Amino acid sequence: MTTASPLLDLKGDFPGLAGDWAYLDTAATSQKPQAVLDAIARVYGPDYATVHRGVYERSATMTLRFEEARATVARFIGAASPDEVVFVRGATEGINLVAQSWGQRLKAGDRILLSALEHHSNIVPWQLLRDRTGIEIDVAPLTADGRIDEDALIALLRPETRLVSIAHVSNVLGGVADVRRIANAVHAAGALLMVDGCQAAPRLALDVKALGADFYVFSGHKLYGPTGIGVLWARRDILESMPPWQGGGAMIETVTFEKTTYSPPPGRFEAGTPHIEGVIGLAAAIDYVESVGLSRIHAHEAALVRQARDALSTINSLTLHGPADSAGILSFTMQGVHPHDIGTILDETGVAIRAGHHCAQPLMATLRVPATARASFGLYSSPRDVERLVDGLARVSRIFGVK
């Protein structure tokens, strides 16, 4: 890795970025460094064996690596113990697990509080729970610059509120929530706090204990790791109080046709053969990110956002959404041009962005737009990528005759 300037210069570590391609869709999914690809190849090649079952040496060795990866995740997020780390397919599954397991204790009249900028995966599972149990869902509004209105959220806390579930960093607007402040208020009201950390984990140093969260979820593929793997963290006492949500192998202690007893957490929630290569690939991604440094990554992406905002502010037809200090994410609309057309024309110039509702349709309604275009940066993004984005958008404005 080389850092010849204050900004990072790491594209050479990512085979998917070979050639002249400006990849600005990292908020959707990140490219993978060679170190992660190598770790996965070793798992599937000379090291392959199942875990937690075999008595032969290679299986024991793979089991050790698997559990070492759990310890890596625990250290990365500041968990008190690796036993608080549950491996899931992604943040979506983690939220559904909590809704279907912890949520069994809720009843009609109980309330869950969300915000107006949440991803669908932090809305729909609670609606499914509402339809089964009769709970109510409250929604906190946003500030004028597109952050969660924390004062309004705190004011919405009621004696019936059982859980608040919010994004640490918005996947559309990039605003960073003050999780500690929210946690203090939530706990004072007698409720629990769940945090969607998908966009925070790749760019912010995490300490779940310091944040005061009760549940925290994130996905590996946004953290430069494999798809199909993610993490649900929860306090040990909470996990121990939750029933299993899937049954099968590995999550049991004893099984008879009359009765089954279950493993303690985290095994209780990891039914079946796990995503071995995903877990080890995730640990390799964490090692890579930590070798670069979360503070450096955040500063690098913040500098690119500033560069992009300054340059794009000269295009009068363009509206920039979200706070000025957004974390690595910049959403915008162009008057008279659909975001899909923006994305298509940018693709013709070798610039990849996201266009659509970004799995946040209620937020689009709040912004009063059908969709936005979104450029999102990663640790491999460069000032040249921003320049190409700006040049491409100038071309879009010329094609559609807007200034």
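Our subject is the structure that appears above.
Here goes a summary of the coordinates provided. Predicted model only: the values in this text are computed from it and were never measured.

Some details on the overall build of the chain
Along the chain, the regular secondary structure elements total 13 helices and 15 strands. Here the C-alpha radius of gyration of the chain, 22 Å, is about what a compact globule of 403 residues would show, namely 22 Å. Dimensions of the chain, computed from C-alpha atoms along their principal axes, come out at roughly 75 × 55 × 35 Å. Counting over 403 residues, the chain shows a buried share of 56%. Considering only intrachain contacts with a sequence separation of at least 6, the fraction spanning at least 24 residues in the chain is 69%. Accessible area for the chain stands at about 16,200 Å²; split by element, carbon and sulfur atoms hold 53% of it. Across the chain, the mean location of the 37 positive side-chain charges is 2 Å away from that of the 43 negative side-chain charges.

Remarks on the packing of aromatic side chains
Any two aromatic rings considered together are summarised by their centre-to-centre distance and by the angle between their planes. Applying the stated criterion across every chain, the model contains 10 aromatic pairs. Ring centres of Phe14 and Tyr288 lie 5.7 Å apart, and the angle between their planes is 90 degrees; this geometry places the pair in the edge-to-face category. With Phe14 in the segment before β1 (22-23) and Tyr288 in helix α9 (residues 276-292), this pair connects stretches of sequence that are 274 residues apart. Per residue, the accessibility class of Phe14 equals that of Tyr288, and both read buried. Aromatic side chains Tyr224 and Tyr380 sit 5.7 Å apart centroid to centroid with 90 degrees between the ring planes, which places their arrangement in the edge-to-face category. Highlighted residues: Tyr224 in the loop between β7 (215-219) and β8 (230-234) and Tyr380 in the loop between β15 (372-376) and α13 (383-400), separated in sequence by 156 residues. For Tyr380, a relative accessible area of 2% translates into the label buried.

Quick look at the side chain of Ser381
Topologically, Ser381 is positioned in the loop between β15 and α13. Classification of Ser381 by relative accessible area gives buried; the value is 1%. Among all residues touching Ser381, those that are not within four sequence positions of it are Leu8, Tyr23, Leu24, His300 and Leu304.

With respect to the pattern of salt bridges
One pass over the full model with this rule turns up 25 salt bridges. Here Lys11 ties to Asp385 by a salt bridge, and the two come within 2.8 Å at their closest N and O atoms. Residue Lys11 is located in the segment before β1, and its partner Asp385 is located in helix α13; the two are separated by 374 residues in the primary sequence. Under the relative-accessibility criterion, Lys11 is labelled partly exposed at 24%. For Asp385, a relative accessible area of 3% translates into the label buried. Measuring nitrogen to oxygen at the nearest pair gives 2.8 Å for the salt bridge that ties Asp20 to Arg388. You can see Asp20 sitting in the segment before β1 and its partner Arg388 sitting in helix α13, a full 368 residues away along the chain.

Let's talk about the sheet that holds strand β2 (residues 85-88)
Across the sheet, 7 strands lie side by side as β2-β8-β7-β6-β5-β3-β4; this open sheet has mixed pairing. Because the sheet does not close on itself, it has two edges, and the strands there are β2 and β4 (136-140). Between one strand axis and the next, the sheet turns through 20 degrees on average, direction left out of account. Here 5 bridges tie strand β5 (residues 161-167) to strand β6 (residues 192-196), and the two strands are oriented parallel to one another.

Definitions and limits used
- Residues numbered from 1 in each chain as written.
- Predicted model: local features only at pLDDT ≥ 70, side-chain atom pairs only at ≥ 80, totals over all residues.
- Heavy atoms only, no water.
- Helix = DSSP H or I, 4+ residues; strand = E, 2+ residues; numbered from the N terminus.
- Rg over C-alpha atoms; globule rule 2.2 N^0.38 Å.
- Buried < 20%, exposed > 50% of the residue type's maximum accessible area, 1.4 Å probe, protein only.
- Contact = heavy atoms within 4.5 Å.
- Areas by Shrake-Rupley, 256 points an atom, 1.4 Å probe, with all protein chains shown as cover.
- Lys, Arg positive; Asp, Glu negative; His and termini not counted.
- Charge placed at Lys NZ, Arg CZ, Asp CG, Glu CD.
- Phe/Tyr/Trp six-rings, centres within 6.5 Å; stacked < 30°, edge-to-face > 60°.
- Salt bridge = Lys/Arg side-chain N within 4 Å of Asp/Glu carboxyl O.
- Pairing = 2+ DSSP bridges.
- Axes fitted to C-alpha atoms, helices over the stretch in contact; angles between N-to-C directions.

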